[in-house]
Amino acid sequence: MDLVKEIKRLKEEKNAVILAHYYQVGEIQDIADYVGDSLGLSQKAAETDADIIVFAGVHFMAETAKILNPSKTVVLPDLNAGCSLADSCPPEAFEKFTKAHPDHVVITYVNCSAEIKALSDIVCTSSNALKIVNSIPKETPIIFAPDRNLGRYIINETGRDMLLWDGSCVVHEAFSMDKLIELHKKYPDYKIIAHPESETHILNTATYIGSTSGMINYVKEHQDQKFIVATEAGILHKMQQEMPNTEMVPAPAKEDNTCACSECHFMKMNTLQKLYDCLLNESPQIEVDPKIIDRALLPIERMLELSK
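Predicted model, so just to flag it, every value in this text is computed and none were measured.

**Let's talk about the pattern of salt bridges**
This model, assessed by the stated rule, comprises 13 salt bridges. Where E6 meets R9, a salt bridge forms, and the shortest distance between an N and an O atom there is 2.7 Å. One end of the pair is E6 and the other is R9, both in helix α1 (residues 3–14) and three residues apart, which spans about a single turn. Classification of R9 by relative accessible area gives partly exposed; the value is 34%. As a salt-bridge pair, K185 and E182 come within 3.4 Å of each other at their nearest N and O atoms. Note that K185 and E182 are positioned in helix α10 (residues 177–186) at a spacing of three residues, about one turn of the helix.

**A few points about the UniProt feature "binding site: iminosuccinate" (unreviewed entry) in the protein**
UniProt records the feature "binding site: iminosuccinate" (unreviewed entry) at H21, S38, Y109, V110, N111, S126, H195, P196, E197 and T212, using the numbering of this structure. Sequence-distant contacts of Y109, that is, excluding residues within four places in its chain, are made with L85, V123, C124, T125, S126, F144, A145, P146, D147, L150, H195 and E197. Turning to its location among the elements, S126 is positioned in the loop between β6 (122–124) and α8 (129–134). At 3.3 Å, the side chain of S126 and the side chain of H195 are in polar contact.

**With respect to the nonpolar core**
When a protein is soluble and globular, its nonpolar side chains tend to lie buried together. The biggest cluster of nonpolar side chains holds 98 residues, and the ones touching the most others in it are I107, V229 and M239. Among the nonpolar cores identified, the runner-up in size contains 10 residues, and F94, V106, C112 and W165 belong to it.

**Remarks on the UniProt feature "binding site: [4Fe-4S] cluster" (unreviewed entry) in the protein**
With numbering aligned to this structure, UniProt lists the feature "binding site: [4Fe-4S] cluster" (unreviewed entry) at C83, C169 and C264. These residues run over 182 residues, yet every pair of their C-alpha atoms falls within 9.5 Å of each other. Following the sequence through the fold, C83 ends up in the loop between β4 (73–75) and α5 (84–87). When its relative accessible area of 12% is taken as the criterion, C83 is described as buried. The contact partners of C83, leaving out residues within four places of it in the chain, are V58, F60 and F266. Tracing the backbone shows C169 in the loop between β8 (162–164) and α10. The exposure class assigned to C169 is buried, which follows from its relative accessible area of 10%.

**Examining the environment of I31**
Inspection of the secondary structure puts I31 in helix α2 (residues 26–31). By relative accessible area, I31 is classed as buried at 7%. Note: C-alpha distance between I31 and S211 (180 residues apart in sequence) is 23 Å. What I31 contacts, discounting residues up to four positions off in sequence, is V4, I7, K8, K11, I18 and L272.

Reading the values: rules and limits
- Residues numbered from 1 in each chain as written.
- Predicted model: local features only at pLDDT ≥ 70, side-chain atom pairs only at ≥ 80, totals over all residues.
- Heavy atoms only, no water.
- Salt bridge = Lys/Arg side-chain N within 4 Å of Asp/Glu carboxyl O.
- Helix = DSSP H or I, 4+ residues; strand = E, 2+ residues; numbered from the N terminus.
- Buried < 20%, exposed > 50% of the residue type's maximum accessible area, 1.4 Å probe, protein only.
- UniProt positions renumbered as here; feature names shortened; annotations may be inferred.
- Contact = heavy atoms within 4.5 Å.
- Polar contact = N/O pair within 3.5 Å; in protein donor to acceptor, adjacent residues only side chain to side chain.
- Core = buried A, V, L, I, M, F, W, Y, C linked by side-chain atoms within 4.5 Å.

Rendered as structure tokens:
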């Protein structure tokens, strides 16, 4: 069976749209209607007129699409495609944390569960985090969750004194400083670009720090340069498609693996076969409690409004 052909057929028949994150495997990115970062995917989910949203990403992303489209069918190729960062912020513990600091505005990074978004005043992504934080009056104290590395980066950039939840992404904390130094010795003329979820010592080596879409745009604007890319290695697929003559290598991970780079196990759980199956069967579907949707929608809409 030609999976690509069958997926396209089913998509037309069912009025479905396929949204994929940059960290998905290349063949899924190639068949998607839109490939983007968390902000772009949220914006596309908010404006789609499709009846079915096939979300090729991880669970919290599909949940966000469902919150924005409660009457639509939202399916995820593999329901087990979770997120270590989202898992690092359990709702009960976070609710206690916010109640202990009732005077704080709660800003949460989109990489969190629907329950955490429902406890938030506003959501952000790595693309708009600085803008969102700067939109809060300077005298207002802020809780930022769940990513401590992104939080530290924002504090350094804005000078704001934020109370950070102690969460992190295992992929972005997997970069090895020693291996990065060795790689840079091998490629001394390569510029390091990094995602702000990376640890501070990695960010300190970077020429550019930004979201996945920001990194792609930076490389587009500097195609004559060469790059070491410190984020999940799936981003290189789109980068190399759009900038085929630009030389780039992934930043190395602490653990030895076949590509010596950092890959998100959860992102790679989705496959073309699973994408076909979930579109055919309209399952597994993402379900979110209507009460959670009502509370989580407002902070997401605030983010989208500020991101226009």
